[in-house]
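Listed here are the chains, written in short residue letters.
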Amino acid sequence: MRILRKYTNRRLYDTSRSCYVTLEDVKALVLSGEAFQVQDSKTGADLTRNILLQIISEQEAQGHGTLLTNQVLQQLIRFYGDSMQGMMSQYLEQSIAAFLEHQERIREQMQTMMGAANPLTMMNRIADQNMAMWGGMFTPEKGEEPHVAPEPEKEQDK
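Residues numbered from 1 in each chain as written. Predicted model: local features only at pLDDT ≥ 70, side-chain atom pairs only at ≥ 80, totals over all residues. Heavy atoms only, no water.

Right, let's get into the overall build of the protein. Within the protein, the secondary structure is distributed over 6 helices and 4 strands. What you see in the protein, going N to C, is helices and strands ordered as β-β-β-α-β-α-α-α-α-α. The buried share of the protein, reckoned over its 158 residues, is 12%. Sequence separation of at least 24 residues holds for 40% of the intrachain contacts in the protein that already meet a minimum separation of 6. When the accessible surface of the protein is split by element, carbon and sulfur atoms take 56% of a total near 13700 Å². (Helix = DSSP H or I, 4+ residues; strand = E, 2+ residues; numbered from the N terminus. Buried < 20%, exposed > 50% of the residue type's maximum accessible area, 1.4 Å probe, protein only. Contact = heavy atoms within 4.5 Å. Areas by Shrake-Rupley, 256 points an atom, 1.4 Å probe, with all protein chains shown as cover.)

What follows is the structure, given as structure tokens:
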């Protein structure tokens, strides 16, 4: 497991690479699936959750579309201290794990739904069908000479 140490100056130090890292670097670790832990440099306390929450907070603030809406956050806050808190935590973990397992299938279904609902996609399909129909009508039969319209006479030729 990769160990990152957080110092009082709020900098993160990667002990395996012997260099300082940014939150973007930690995000890359998450995306790559690499196991890591963030520890306080003085006490050794596990600060991983705090860093992960900080990354989420920055992602939400960047305006790439929110994952945690105000309503979702309010509902989550209501679960703290509730007798169902532990169950809710497990439910969220299992739901996200199931979503990730089926992510590709969900993407394909969304793509299919978006394609069917997109008017441009429908227009393209209709245009393709029309072109195929019209192309067949004006294609000469086997052994038949294609019909070529005569050129209009020019005034000089008269």
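Having seen it, we continue.
For the coordinates displayed, the defined rule picks out 2 salt bridges. Between Arg 2 and Asp 14 there is a salt bridge whose closest N-O contact spans 3.3 Å. Taken together, the residues span a long stretch of sequence, with Arg 2 in strand S1 (residues 2–6) and Asp 14 in strand S2 (residues 12–14) at a distance of 12 residues. No difference in accessibility class separates Arg 2 from Asp 14, as the two residues are buried. Note that Glu 34 is salt-bridged to Arg 2, the shortest N-O span being 3.5 Å. Here the residue Glu 34 occupies a position in the loop between helix H1 (23–32) and strand S4 (36–40), and Arg 2 occupies one in strand S1, the gap between them amounting to 32 residues. Classification of Arg 2 by relative accessible area gives buried; the value is 16%. (Salt bridge = Lys/Arg side-chain N within 4 Å of Asp/Glu carboxyl O.)

Right, let's get into the side chain of Glu 60. Tracing the backbone through its elements, the reader meets Glu 60 in helix H2 (residues 48–61). Although Glu 60 lies buried, it forms no salt bridge, and the closest oppositely charged side chain, Lys 27, sits 11 Å away as judged by the N-O distance. Within polar-contact distance, the side chain of Glu 60 engages the backbone nitrogen of Leu 68 at 3.1 Å. (Lys, Arg positive; Asp, Glu negative; His and termini not counted. Polar contact = N/O pair within 3.5 Å; in protein donor to acceptor, adjacent residues only side chain to side chain.)

On to the nonpolar core. By size, the foremost hydrophobic cluster in this structure holds 11 residues: Leu 4, Leu 12, Val 21, Leu 23, Val 26, Leu 29, Phe 36, Val 38, Leu 47, Ile 51 and Ile 55. Secondary-structure elements contributing two or more residues to this core are H1, S4 and H2. Looking at this core, the element that brings in the most residues is H1, giving 3 residues. In this view, Leu 47 contacts Lys 6, Val 38, Gln 39 and Asp 40; residues no more than four positions away in its chain are not counted. (Core = buried A, V, L, I, M, F, W, Y, C linked by side-chain atoms within 4.5 Å.)

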